Structures are given as structure tokens and as C-alpha cells.
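Observations on the model geometry
The residues making up each chain are set out below.
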Amino acid sequence: MSSHRVEASRVVAVDAARAFDALLATPRQSIFARGFAAFPPVDDVRDQQGDWDTVGQSRTLLLGDGGSVQETLTSVDRPHSFGYVLDDIHGRLRPFVTSIDGVWSVAQEDGGSRISWAWTMHPAAPPARLTMTVIGRLWQGYADLALKRVEAMLTT
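What counts, and where the lines are drawn
- Residues numbered from 1 in each chain as written.
- Predicted model: local features only at pLDDT ≥ 70, side-chain atom pairs only at ≥ 80, totals over all residues.
- Heavy atoms only, no water.
- Helix = DSSP H or I, 4+ residues; strand = E, 2+ residues; numbered from the N terminus.
- Buried < 20%, exposed > 50% of the residue type's maximum accessible area, 1.4 Å probe, protein only.
- Contact = heavy atoms within 4.5 Å.
- Polar contact = N/O pair within 3.5 Å; in protein donor to acceptor, adjacent residues only side chain to side chain.
- Pairing = 2+ DSSP bridges.
- Phe/Tyr/Trp six-rings, centres within 6.5 Å; stacked < 30°, edge-to-face > 60°.
- Lys NZ or Arg CZ within 6 Å of the ring centre and 35° of its normal.

Right, let's talk about unusual backbone geometry for a bit. Backbone torsion omega between R78 and P79 reads 0°, so that peptide bond is classified as cis. Phi angles above zero are rare outside glycine, and D47 is one such case at about 65°. Even without being glycine, D88 reaches a positive phi, approximately 45°. Position of D88 among the secondary structure elements: in strand β5 (residues 81-90).

See below:
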């Protein structure tokens, strides 16, 4: 089964190290306070032990549609990127994806830092190309909201 990758980015007028540290530490319900189409907001985070900064840590994200996902930190390369996997998916995406590999990255750029967010979605069944394309387009709206929220948090 082939995976489907989506990504979005935004230049924010802050230092890369500050942006990275804020992205890693900010509660997910602050970044994902609003949902978009099939992507619900994150209402709460449970089962996190200590700061979210060590590879192998896991936590449960409780979603606004009554679902949940398990998030496990898979890489931390301060101040450049951190990766995670979402699995044990319950909610609107469950029929479509079995797991998602995510990565946030930060790169110094003229005028600030480029903050990028990407998902590689692993389909639950051999998808029709249209299904993954539609989910990917919906994700773009979700990502745009999240990146705008990150920018607001970093610049206020």
C-alpha cells in the first residue's frame, strides 16, 4: 500500500530555536484548538509524563469528535525538527488511515523562520487515489489553521 504525503509551511518572524522550542512544548490543544472538515480539534492530552522532549514518549490526544489517537515522539533534532507517529486512531480518520508519520521542522530564513509541518498517511486499505487526494486537501485547510495559530502564539 502506498502512503500519501502532505505538507505546509509558513514564514514567521521569530528565531528558529525559539520557534522550535515553542512548537515542541506548546500543548496540542492550543495549536489544534479548531477543527477543519474531517480533522477535529484536539480537546485534551492525557498520559503524558513530564516535558514532551524525549524520543519514545507517548501520550493520548483526545479529539473533538469523541475519538482519540496515540502520539509517540520518534525524533528530536533541536532546533531543526521533531517527528512523531500517530496510531491507534479512533474517530473520523480510522476508516481511512492506520497510522500517520508527522514531522515539524524549523529553518532559519530571511525575516525569521520557515515552520513546516508534514504528514505521511498510511492508508487502511488500498485507497482510491481520489480518497487520499481529498483527505490531503482537507488536511491543507487544517494545517493552514494550525500554522496561523502557531504564528499568532509566537509573535504576540
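Further remarks concern the environment of T60. With respect to the helices, strands and loops of the structure, T60 is situated in strand β3 (residues 58-63). On the basis of relative accessible area, T60 is assigned to the buried category, the value being 14%. For T60, the contacting residues outside a window of four places in its chain are D44, V45, R46, D47, S68, V69 and Q70. Within polar-contact distance, the side chain of T60 engages the side chain of D47 at 3.2 Å.

What follows concerns the pairing of β5. Walk down a regular strand and you will see the side chains alternate between the two sheet faces. In terms of burial, β5 is largely enclosed, as seven of its ten residues are buried. The sheet contact formed by strand β4 (residues 68-77) and β5 spans eight bridges and is antiparallel. Across the sheet, V76 pairs through a bridge with F82, a residue of β5. Taking the residues that link successive antiparallel strands as the turn, the β4-β5 hairpin has three residues. Relative to strand β6 (residues 97-109), β5 is paired through six bridges, and the arrangement is antiparallel. Of the residues in β6, the one forming a bridge with V85 is D101.

Another aspect to go through is the packing of aromatic side chains. Going through the model one piece at a time under the given rule, you end up with ten aromatic pairs. With a centroid separation of 5.2 Å and 45° between ring planes, the pair formed by F32 and W117 is classed as tilted. With F32 in the loop between α2 (28-31) and β2 (42-46) and W117 in strand β7 (residues 112-123), this residue pair connects regions lying 85 residues apart in the sequence. The pair formed by F32 and W117 is uniform in burial state, with each residue classed as buried. Residues W104 and W117 carry aromatic rings whose centres are separated by 4.9 Å and whose planes lie at 5° to one another, so their mutual orientation is stacked. Within this pair, whereas W104 is found in strand β6, its partner W117 is found in strand β7, the two being separated by 13 residues in sequence. For the pair W104 and W117, one class covers both residues: buried. The structure contains a cluster of three or more aromatic residues connected by ring pairs, namely F32, F39, W104, W117, W119, W139 and Y142. When the ring centre of W52 is taken as reference, the NZ or CZ atom of R59 above it lies at 3.7 Å.

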